[in-house]
Amino acid sequence: MMDEETMRKEVEKAKRWNTIIFVIFAAIFVLLLAAVCVLKYQHAFSPAKWAGDRESRYKIVSSMLERNQLIGMTEADVIRLLGGEDAGGQTSFKISRDYFPPESTLVYYLGVDYMDNNWLVISLDDSGIVTDCHIDVT
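Counting restarts for each chain: residues are numbered from 1 in the order of the written sequence. Local features are withheld for residues below a pLDDT of 70 in this predicted model, meaning they are given only at 70 or higher, and side-chain atom pairs are given and counted only at 80 or more; totals for whole chains, interfaces and linings count all residues. With hydrogens and water set aside, each side-chain value is computed from the structure's full complement of heavy atoms.

A few points about the pattern of salt bridges
- Salt bridge criterion: a side-chain nitrogen from Lys or Arg within 4 Å of a carboxyl oxygen from Asp or Glu. Here the structure, examined in full by the defined rule, presents 2 salt bridges.
- Notably, a salt bridge pairs Glu-5 with Arg-8, separated by 2.6 Å at the nearest N-O pair. Within this pair, Glu-5 and its partner Arg-8 are both found in helix H1 (residues 4–42), separated by 3 residues, close to a single helical turn.
- Summary of the burial criterion: residues with accessible area below 20% of their type's maximum are buried, those above 50% are exposed, and those between are partly exposed, where the area comes from a 1.4 Å probe applied to protein chains only. Given a relative accessible area of 38%, Glu-5 falls into the partly exposed group.
- Where Arg-80 meets Asp-77, a salt bridge forms, and the shortest distance between an N and an O atom there is 2.3 Å. Secondary structure elements follow DSSP: runs of H or I of four or more residues count as helices, runs of E of two or more count as strands, with numbering from the N terminus.

Things to note about the environment of Ser-63
- Examined against the element boundaries, Ser-63 turns out to sit in helix H3 (residues 57–67).
- Considering only alpha carbons, one finds Ser-63 and Lys-40, 23 residues apart in sequence, at a separation of 9.5 Å.
- Note on contacts: a residue pair qualifies if any of its non-hydrogen atoms lie within 4.5 Å across the two residues. Contacts of Ser-63, omitting those with residues within four sequence positions, involve His-43, Ala-44 and Phe-45.

Quick notes on the packing of aromatic side chains
- Only the six-membered ring of Trp is used, alongside the rings of Phe and Tyr, when aromatic pairs are assigned; centres must lie within 6.5 Å, and planes under 30 degrees apart are stacked while those over 60 apart are edge-to-face, with the rest tilted. One pass over the full model with this rule turns up 3 aromatic pairs.
- With a centroid separation of 6.1 Å and 65° between ring planes, the pair formed by Phe-45 and Trp-50 is classed as edge-to-face.
- Given a relative accessible area of 6%, Phe-45 falls into the buried group.
- The interplanar angle of 65° and the centroid separation of 6.1 Å between the aromatic rings of Trp-50 and Tyr-108 together place this pair among those described as edge-to-face.

Quick notes on the sheet that holds strand S1 (residues 105–113)
- The rule for pairing is simple: two strands pair if DSSP sees at least two bridges between them. Spatial strand order, S1-S2-S3: 3 strands in an open sheet with antiparallel pairing. Edge positions in the sheet fall to S1 and strand S3 (130–137), since each of these pairs with one other strand and no more. Geometrically, the sheet is characterised by an average inter-axis angle of 15° between neighbouring strands, direction not taken into account.
- Relative to S3, strand S2 (residues 116–124) runs antiparallel, the two being bridged by 7 bridges. Its bridge partner lying in S3, Leu-120 is registered against Ile-135.
- Only the stretch in contact is used when fitting a helix axis, every axis being a line fitted to C-alpha atoms; angles between N-to-C directions are given from 0 to 180 degrees. Contacts from H3 reach S1, S2 and S3 within the one sheet, and its direction differs from that of S1 by about 130°.
- Its contacts with the sheet place helix H4 (residues 75–82) against S1, S2 and S3, and it is angled at close to 30° to S1.

And the structure:
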């Protein structure tokens, strides 16, 4: 049977361990939350990020498409948002296997992801309104 002093020491020791374990879990939670916030920020679209790092656009294109309804926009609106296209005459791609006439298509380079060059392909109708957009590879 434990005497009162031994019991008090055991209770204090248990409280100390509980506090240590709580602090460790709280620190892990804060670090995970910070990592999620940083990751979300790194993958968030902004015109400055889009213009600043062509090779990493594939990381932010999903955010851009979620925030901006491209279909229905005018060509001028798209160019204001994304800048001038940078296809360099790219007119055909692997996934769609369609030919995209340069006069009715805007093409933006997204960078290399999984060994393929990724492109954002935006199709326009005769009046310059976006009718379709998708990501394709070459």
